[in-house]
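Take a look at the letters that make up each chain.
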Amino acid sequence: MSDGGPAEAVRSTFRNQAKSCEQLGSPFTARLCRLAAERLNGETAVGCRVLNWPGDPSATGDALALRLFGALHALVLLHRDEELQGCYPPNHADDATLWSACEAVLARHADFIIERLGSAPQTNEVRRSGALLPGFLTVARLFGMPLVLSEIGASAGLNLHWDRYRYALPKGEWGDKTSAVVIAPDWAGRPPPIGPIDIVERAGCDLNPLNPADENDRLLLLSYIWADQLDRLDRTRKALDIAASEARLVERAEAIDWLKVRLATSFPGAVHVIYHSVAWQYLPATAQRQGEALISAAGVAATDEAPIARLQMEADGQTPGAALSLQIWPGGEKHLIGRADFHGRWVAWEGWPAISL
């Protein structure tokens, strides 16, 4: 179906999102996206709203497809619609049955869905901790000091608690051996520099921090996990339980305002690690430049007694996956230390040149 204008842009967005979902291991969400691209019409209030979306419907804009199917998944998680739930994993339905259930839901739960369409998707992918961990291990090995953690775009803070998870790595396990959260990425390349890590302080910021102890916030986070990725749902629930048992660490703040305050404090005897995963790209260009300047200025002021590191897992226009990079001060030495799947399913580790295993 081709409508032209905004509607065709929306359908194109849904088709593109389907490709991304397939690449990231969610054939069910890919089906939903393709069905919506082909069959969604303006006969319901939801359909009309989606097809006449006033903003940028793309994945790098308003992520409209994720908003819509996050709302439907929330209804399934709330057990609010038996017909739709019967078509969702672990159940199976053919395309005609699945889309019929979706169309009925668009009409039955229009107010709920339209309200959710107004909010940007929010995720907190726990497996990214498995991609970040070798970076933290590298910092600990390089400096032999405790770490102070500062995460930008921390959401519910699940990746601020990375030391409270259990990891399966090429040369054995690391982390809390009693943890219910187990992270076991497919690994390629060198093994990471396994060793002890002591964390003396941790904090994060987010425009919309979620409270892991709040049922509505938990539902929001879980609803944006693709419904056929049951292991992600289970892992995230367990990570939310861990975070809920700890003090709330994530402050509601603009990244730049928060960085100004956070970087104004020196931490003698510890390495201050500023880190972010698939978050920097969502900052406006002006904010990115300000952030780079702030971190660089703090790096120039770093000393051997109070060093600074910046660990990033971000898209860099290359494939596959995201780039893992590490920069340390004093000195400002920076290296690409690996690549990782955006959801943390695999890690290709290159390591820091000065570290021999």
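Quick note: structure is the one above.
Treat the numbers as computed from the prediction; the structure is a model and nothing was measured.

Draft legend 1. Representation of helix H12 (residues 285-300). The terminal C-alpha atoms of H12 lie 23 Å apart, and with 16 residues this matches the ideal 22 Å at 1.5 Å per residue to within 8%. Residues of H12 that are buried: Ala287, Gly291, Ile295, Ala298 and Gly299. Projection of H12 onto a plane perpendicular to its axis shows the buried side chains occupying an angular sector of 110°, all on one side. Across from the buried face of H12, at angles greater than 90 degrees, the exposed residues are Arg289 and Val300. Close packing links the buried residues of H12 with helix H11 (255-263), strand E8 (271-277), strand E9 (308-314) and strand E10 (322-329).

Draft legend 2. Just the packing of aromatic side chains, in detail. Per the counting criterion, the structure on display carries 6 aromatic pairs. Ring geometry for phenylalanine 136 against tyrosine 275: centres 4.9 Å apart, planes inclined by 90°, an arrangement best described as edge-to-face. Note that phenylalanine 136 is positioned in helix H8 (residues 128-143) and tyrosine 275 in strand E8, a separation of 139 residues in sequence. In terms of burial, phenylalanine 136 and tyrosine 275 fall into one category: buried. These aromatic residues form a ring-pair network of at least three members: Phe136, Trp162, Tyr167, Trp174 and Tyr275. Sitting over the face of the ring of tryptophan 226, arginine 232 holds its NZ or CZ atom 5.8 Å from the ring centroid. Here arginine 310 stacks its cationic end above the ring of tryptophan 280, 4.5 Å away from the centre of that ring.

Draft legend 3. The arrangement of the nonpolar core in detail. Within the largest apolar cluster, 52 residues are counted, with the highest numbers of intra-cluster contacts made by Phe136 and Trp162. Here this core takes 7 residues from H8, the largest share from any one element. If sequence neighbours within four positions are ignored, phenylalanine 136 has contacts with Leu147, Leu149, Trp162, Ile197, Val273, Tyr275 and Leu311. In terms of nonpolar packing, the next biggest core, distinct from the first, is built from 44 residues, Leu32, Val50, Trp53 and Cys102 among them.

Draft legend 4. Representation of the sheet that holds E8 in the model. Strand order in the open sheet made by the 9 strands is E5-E12-E11-E10-E9-E8-E1-E6-E7, with mixed pairing throughout. The open sheet has two free edges, formed respectively by strand E5 (186-189) and strand E7 (250-252), since each of these has just one partner strand. Neighbouring strand axes in the sheet, compared pairwise and without regard to direction, differ in orientation by 20° on average. With 7 bridges joining them, E9 and E10 adopt antiparallel strand pairing. Residue pairing for E10: glutamate 314 is matched across the bridge by alanine 323. Packed onto the sheet, H8 meets strand E1 (147-152), E5, E8, E9, E10, strand E11 (333-340) and strand E12 (346-349) and runs at close to 160° relative to E8.

Draft legend 5. Local environment of the pattern of salt bridges. According to the stated counting rule, one finds 19 salt bridges in the structure shown. When the shortest N-O distance is used, the salt bridge between arginine 127 and glutamate 125 registers 3.6 Å. Exposure class is identical for arginine 127 and glutamate 125. Each is buried. Here aspartate 341 makes a salt bridge to arginine 345, at a shortest N to O gap of 3.0 Å. Accessibility expressed as a relative area gives 4% for aspartate 341, which makes it buried.

Draft legend 6. Seen up close, the environment of valine 105. In this structure, valine 105 sits in helix H6 (residues 95-108). Relative accessible area serves as the criterion here: at 0%, valine 105 is assigned to the buried category. Counting along the chain gives 208 residues from valine 105 to methionine 313, while the straight-line C-alpha distance between them is 37 Å.

Draft legend 7. Looking closely at unusual backbone geometry. The amide bond that connects proline 89 to the next residue, proline 90, takes the cis arrangement and shows omega of 10°. With respect to the secondary-structure elements, proline 90 resides in the loop between helix H5 (82-85) and H6. The omega angle of the peptide bond from threonine 319 to proline 320 is -5°, so this bond is cis rather than trans. One can find proline 320 in the loop between E9 and E10. The backbone phi angle of alanine 63 is positive, close to 50°, even though this residue is not glycine. Residue position: alanine 63 is located in the loop between helix H3 (45-51) and helix H4 (64-77). The class of alanine 63 is buried, set by a relative accessible area of 9%. At valine 278, a position not held by glycine, the phi torsion is positive, near 50°.

Draft legend 8. Structural view of the sheet that holds strand E2 (residues 166-169). Read across the open sheet, the 3 strands follow the order E3-E2-E4; overall the sheet is mixed. Edge positions in the sheet fall to strand E3 (172-175) and strand E4 (182-183), since each has one partner strand and no second. As judged from the 2 bridges shared by E2 and E4, these two strands associate in the parallel manner. Note on E4: the bridge partner recorded for tyrosine 167 is isoleucine 183. Its contacts with the sheet put H8 on E2, E3 and E4, and the angle it makes with E2 is roughly 80°.

How each quantity is defined
Residues numbered from 1 in each chain as written. Predicted model: local features only at pLDDT ≥ 70, side-chain atom pairs only at ≥ 80, totals over all residues. Heavy atoms only, no water. Helix = DSSP H or I, 4+ residues; strand = E, 2+ residues; numbered from the N terminus. Expected span 1.5 Å × (residues − 1). Buried < 20%, exposed > 50% of the residue type's maximum accessible area, 1.4 Å probe, protein only. Arc of directions from axis to C-beta. Contact = heavy atoms within 4.5 Å. Phe/Tyr/Trp six-rings, centres within 6.5 Å; stacked < 30°, edge-to-face > 60°. Lys NZ or Arg CZ within 6 Å of the ring centre and 35° of its normal. Core = buried A, V, L, I, M, F, W, Y, C linked by side-chain atoms within 4.5 Å. Pairing = 2+ DSSP bridges. Axes fitted to C-alpha atoms, helices over the stretch in contact; angles between N-to-C directions. Salt bridge = Lys/Arg side-chain N within 4 Å of Asp/Glu carboxyl O.

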